[in-house]
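Fold and contact review
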Amino acid sequence: MNAPFESEFVAMPERTLWLAVIERAMQDYLGMGKNLGTKPNKAELHGFFYDAKPAKYNLAYIAEFLFEDTSIMKLIQQRLERLVEARALGNGAEIMRNVHITSAQKMRRSKY
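Residues numbered from 1 in each chain as written. Predicted model: local features only at pLDDT ≥ 70, side-chain atom pairs only at ≥ 80, totals over all residues. Heavy atoms only, no water.

**Re the overall build of the protein chain**
If you tally the helices and strands in the protein chain, you get six helices and zero strands. Mapped from its N terminus to its C terminus, the protein chain presents α and β elements in the order α-α-α-α-α-α. Every one of the 112 residues in the protein chain was classed for burial, and the buried ones make up 36%. Long-range pairs, those at least 24 residues apart, make up 56% of the contacts in the protein chain between residues at least 6 apart in sequence. Summed over its atoms, the accessible surface of the protein chain is roughly 7,000 Å², and 55% of this surface lies on carbon and sulfur atoms. (Helix = DSSP H or I, 4+ residues; strand = E, 2+ residues; numbered from the N terminus. Buried < 20%, exposed > 50% of the residue type's maximum accessible area, 1.4 Å probe, protein only. Contact = heavy atoms within 4.5 Å. Areas by Shrake-Rupley, 256 points an atom, 1.4 Å probe, with all protein chains shown as cover.)

This is the structure:
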């Protein structure tokens, strides 16, 4: 099974772990994640993805300090927007399985 953000630059275990956290946050944001007993706060998740100022453990922070490249933030936001659109059209689960190919291809073209 391919990871949604599989790419050459995801070599460090910490990066792989954070990409899994981001993927899970996307699933929660879309309401597609498995219920683990607590309902995700969509406003907090929106802030996680879209706050441009780095704050501890938000996407801007992860992009700047872990990946040392804020362009990954835009790629993740674009992926999330495609998933939101697909979810609105009723085929979010299928897109969730297949959209990683496009994201990985774009990331391979980055400087990493």
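**Some thoughts on the confidence of the model for the protein chain**
Summary statistics for the protein chain give a mean pLDDT of 75 and a share of 66% for residues scoring 70 or more. Residue range residues 1-6 is modelled with pLDDT below 50. Its contacts to residues more than four positions away, or to other chains, number 17 contacts. Low pLDDT, under 50, characterises residues 100-107; the predicted model gives this stretch 17 contacts beyond four residues in sequence or across chains. (pLDDT = per-residue confidence, 0-100.)

**What to know about the pattern of salt bridges**
Counted according to the given criterion, the structure contains two salt bridges. Residue E23 is joined to R79 by a salt bridge in which the shortest nitrogen-to-oxygen separation is 2.8 Å. Taken together, the residues span a long stretch of sequence, with E23 in helix α1 (residues 13-30) and R79 in helix α4 (residues 71-88) at a distance of 56 residues. The class of E23 is buried, set by a relative accessible area of 8%. Since its relative accessible area comes to 0%, R79 is described here as buried. Its salt-bridge partner being R24, residue D28 comes within 3.0 Å of it at the nearest N-O pair. A residue pair is termed a helical-turn pair when its members lie 3 or 4 positions apart in one helix, as D28 and R24 do in helix α1 at four residues. (Salt bridge = Lys/Arg side-chain N within 4 Å of Asp/Glu carboxyl O.)

**Description of unusual backbone geometry**
Unlike most non-glycine residues, Y57 shows phi in positive territory, near 65°. With respect to the helices, strands and loops of the structure, Y57 is situated in the loop between α2 (42-50) and α3 (59-66). Note on Y57: relative accessible area 43%, which makes it partly exposed. The phi dihedral of E68 is positive, around 55°, even though this residue is not glycine.

**What to know about the nonpolar core**
Core analysis: the largest hydrophobic core is formed by 20 residues, its most contacted members being I22, M26, F48, F49, L59 and I76. Among the elements that take part in this core, α1 stands out by supplying six residues, more than any other. (Core = buried A, V, L, I, M, F, W, Y, C linked by side-chain atoms within 4.5 Å.)

**Details of the environment of K42**
Considering the arrangement of structural elements, one finds K42 in helix α2. With 17 residues separating them along the chain, K42 and A25 place their C-alpha atoms 9.7 Å apart.

**Let's talk about the side chain of Q77**
One can find Q77 in helix α4. A relative accessible area of 10% places Q77 in the buried class. Among the polar contacts made by the side chain of Q77, one reaches the main-chain carbonyl oxygen of F49 at a distance of 2.8 Å. Those residues in contact with Q77, other than ones at most four positions away along the chain, are F49, Y50 and L59. (Polar contact = N/O pair within 3.5 Å; in protein donor to acceptor, adjacent residues only side chain to side chain.)

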